[in-house]
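Residue strings, one per chain:
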Amino acid sequence: MSDARERFRASLAMDADKWRDGTPYDLDAFDAMSAAQRQSEASSLAARGKLDWRDVDVIERLDSPEFRDRLSRAALQQDDHGGAAALAAVARHGWTAEWEARLIGQFEAARLMETSLDRLFELTESHPTTGLRAALERLAFEGKPETRYAFAAFLLYLHGHADTWYGLEAEHRPHLLRLSGSPEEQMAARDWLKARLKAPLRTDRA
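Residues numbered from 1 in each chain as written. Predicted model: local features only at pLDDT ≥ 70, side-chain atom pairs only at ≥ 80, totals over all residues. Heavy atoms only, no water.

A. Geometry of helix α1 (residues 3–11). When α1 is considered as a whole, its buried residues turn out to be A4, R5, F8 and S11. End-on, the buried residues of α1 take up no more than an arc of 125°, which puts them together on one face. Those residues of α1 that are buried lie in contact with α2 (16–21), α3 (27–32), α4 (35–46) and α5 (53–59). (Buried < 20%, exposed > 50% of the residue type's maximum accessible area, 1.4 Å probe, protein only. Helix = DSSP H or I, 4+ residues; strand = E, 2+ residues; numbered from the N terminus. Arc of directions from axis to C-beta. Contact = heavy atoms within 4.5 Å.)

This is how it looks when you write it as structure tokens:
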């Protein structure tokens, strides 16, 4: 076995620290392997029942119909970190109505700590369509209470009212928290957010 392959295989072993810190597989070692070895290792990862985002990072490096089909299936079937990474990977080959609908589906199924919202927000920022913005507004107002804050904060960012999509600004945070409060608080928070979203969408990101 080549040294590069040994290093790559060693990086596949996950522990609590690697998982928590988001440590990827050793992609430099993967790139240093022979073409046959890369094909073999990527095929082994693709054969897994569910793809992790680290698996996607490897598989998408070998662009073939076989691997693109595997990523498409993960994008359509998984609502976790791997599904978000797969959707971003296949969307790089062309944005379609199917991928927009799937992105909305992943947003609807999102769970905190289980869904890669950052990856999905990056994809939305690249394709800020009217349909996606409408879906995000609906989810910010009427979606799962635990994710309303995240969607509303991203909308503020997308429309140019915040420098990040985390909703940490002191002037925004109280209103965002009320989106999951009492019925009266929710109504007031929705009115506040609607008023700010009337401003033109800012598309420049210097």
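B. Examining the pattern of salt bridges more closely. A complete count under the given rule lists 15 salt bridges for this structure. Between R9 and E41 there is a salt bridge, and its shortest N-O distance comes to 2.8 Å. Remark: E41 occurs in helix α4 and R9 occurs in helix α1; sequence separation between them is 32 residues. Looking at R9, the relative accessible area reads 38%, which means it is partly exposed. By relative accessible area, which is 5% here, E41 ends up buried. Between R48 and D55 there is a salt bridge, and its shortest N-O distance comes to 3.0 Å. Residue class for D55 comes out buried when judged on its relative accessible area of 0%. (Salt bridge = Lys/Arg side-chain N within 4 Å of Asp/Glu carboxyl O.)

C. Structural detail: the packing of helix α7 (residues 81–91) against helix α8 (residues 97–108). Between α7 and α8, the shortest axis-to-axis distance is 11 Å and the interhelical angle comes to 165°. As the angle between them shows, α7 and α8 are arranged roughly antiparallel. Where α7 crosses over α8, the two elements pack in a sense that is left-handed. Each of G83, A84, L87, V90 and A91 in α7 lies in contact with α8, whose residues at this interface are W99, R102, L103 and Q106. Class assignment of the residues belonging to the contact of α7 with α8 gives a composition of six nonpolar, two polar and one charged. (Axes fitted to C-alpha atoms, helices over the stretch in contact; angles between N-to-C directions. Parallel < 35°, antiparallel > 145°, perpendicular 65-115°, else oblique. Left-handed = near helix turned anticlockwise from the far one by under 90°. Nonpolar A, V, L, I, M, F, W, Y, C, P; charged D, E, K, R; others polar.)

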